[in-house]
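An overview of the molecular structure
Residue-level listing of the chains:
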Amino acid sequence: MLSLVGDVMTHTVVALRDEVAFKDIARTMRRWRVSALPVLDEDGRVVGVVSEADLLPKEMLRDGDPDRFGRAPVLPDPAAKADAVVARDLMTAPAVTVRADDTVARAARLMAHRHLKRLPVVDDDGVLRGVVSRSDLIKVFLRDDTEIADEIRREVVARFPAAPTGPVRVEVHDGVVTLTGRVWDASLVALVTRLVRTVEGVVDVDCALSGPAGTADPHRAPQKDTARAGDPGAAA
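Reference entry: report on the structure contained in this document. The model shown is predicted, which means the values in this text are computed figures rather than measured ones.

Turning our eyes to something else, we now look at helix α9 (residues 189–197). Residues of α9 that are buried include every one of Val189, Val192, Thr193 and Val196, and no others. Angular distribution of buried residues about the axis of α9 spans 100°; they occupy a single face of the element. Looking at the buried positions of α9, the neighbouring elements they touch are α8 (145–155), β8 (176–182) and β9 (204–210).

Rendered as C-alpha cells:
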C-alpha cells in the first residue's frame, strides 16, 4: 500500500498572514527554527512561501553593489525584495503545494526537482492543512521488516502463480528484500522485482527468482553450441 502525504505530514503548522512585517517573519523563523513559512490570505489559503533566501537580499543590499545580486529568470528581482517590508512582497509565489491524498513519492519528486525542504499541504480550496518535510518523507523507511515482507507477499507475490516446485520466499533485513524460488514464467522475474521496489520502506531488492525448472532465463545470453564433430551430441 502506497503511503500518502496525509500519513506522514505534520498537522500543526506555523504560518504567516500576508501583511506580517519583515522583522516578525525573522523572529518567527528563529523562534520555531524553520527556514521557510507558508503565507496565507485572509481565508487561510496558501498564496506563497517566505524562506530565508527571500530575506537575504535586504542584507546583501548593505554592500551597496546592486550588480552582486544574481538574477534568476523565474524569480523576482532581488533588489525589489530588498525594499520589501511585508510577507506579500517578500514571498515566492505561487507556492509549490501538495494534497494529503498525494503519494509520498510525488512529494519527494517535487522536493527533489524544486530543491525544497518542505511543502505546504492544502485541501481542494487551497486552504492550509499541514506541512510535509524531508524528514517526514523518510519515515517510510522506518517500517518494520516483518510489515514490509507481509505486504510484498500479499500485494505482489500473491498476484503471480508460483512454479509447481514451491512458493516464492520473501525475506527482509533492514529494508533489503531477498526473493528466492521459482515463478511459472521466467519473463515475469523483472516485473516482480520492479513491483517489490515500489513497496514503501524497501531499500533494495536482491532477486534470485527463476522460471520453472528446466527453462532458460530469458535475460541471459544464449550459450554457444560447442559440440564438435565426433561428439555424441554433434549433428550429423
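Inspection of helix α6 (residues 104–114) places Val104, Ala107, Leu110 and Met111 among the buried residues, and these make up the whole buried set. Looking straight down α6, one finds that the buried residues subtend no more than 125° of arc, so they occupy a single side. Immediately beyond the C-terminal end of α6, within one or two residues, lies His115, with a positive phi of roughly 55°.

Below, the discussion takes up the environment of Val157. Topologically, Val157 is positioned in the loop between α8 and β7 (169–173). Considered as a pair, Val157 and Val183 are 26 residues apart in the sequence and their alpha carbons are 9.4 Å apart. If sequence neighbours within four positions are ignored, Val157 has contacts with Ile152, Val168 and Val170.

We now examine the sheet that holds β8. As summarised here, the arrangement of the three strands in space is β7-β8-β9, forming an open sheet in which the pairing is mixed. Pairing within the sheet leaves two strands with one partner each, and these edge strands are β7 and β9. Pairs of neighbouring strands in the sheet enclose a mean axial angle of 10°, with direction left out of account. Two strands pair when backbone bridges link them, and β7 and β8 are joined in this way by five bridges, in the antiparallel orientation. The partner of Val172 across the bridge, within β8, is Val177. Relative to β7, α8 is tilted by about 155°, and along the sheet it contacts β7 and β8. Set on the sheet, α9 makes contact with β8 and β9; between it and β9 the angle comes to about 155°.

A cluster of nonpolar side chains, Ile138, Phe141, Val176 and Val203, forms an exposed patch at the surface whose accessible area comes to about 360 Å². Note that Ile138 resides in the loop between α7 (134–137) and α8. Since its relative accessible area comes to 52%, Ile138 is described here as exposed.

Conventions and cut-offs
Residues numbered from 1 in each chain as written. Predicted model: local features only at pLDDT ≥ 70, side-chain atom pairs only at ≥ 80, totals over all residues. Heavy atoms only, no water. Buried < 20%, exposed > 50% of the residue type's maximum accessible area, 1.4 Å probe, protein only. Helix = DSSP H or I, 4+ residues; strand = E, 2+ residues; numbered from the N terminus. Arc of directions from axis to C-beta. Contact = heavy atoms within 4.5 Å. Pairing = 2+ DSSP bridges. Axes fitted to C-alpha atoms, helices over the stretch in contact; angles between N-to-C directions. Patch = residues over 30% accessible without salt bridge, like charges linked within 9 Å, V, L, I, M, F, W, Y side chains within 5 Å. Areas by Shrake-Rupley, 256 points an atom, 1.4 Å probe, with all protein chains shown as cover. Salt bridge = Lys/Arg side-chain N within 4 Å of Asp/Glu carboxyl O.

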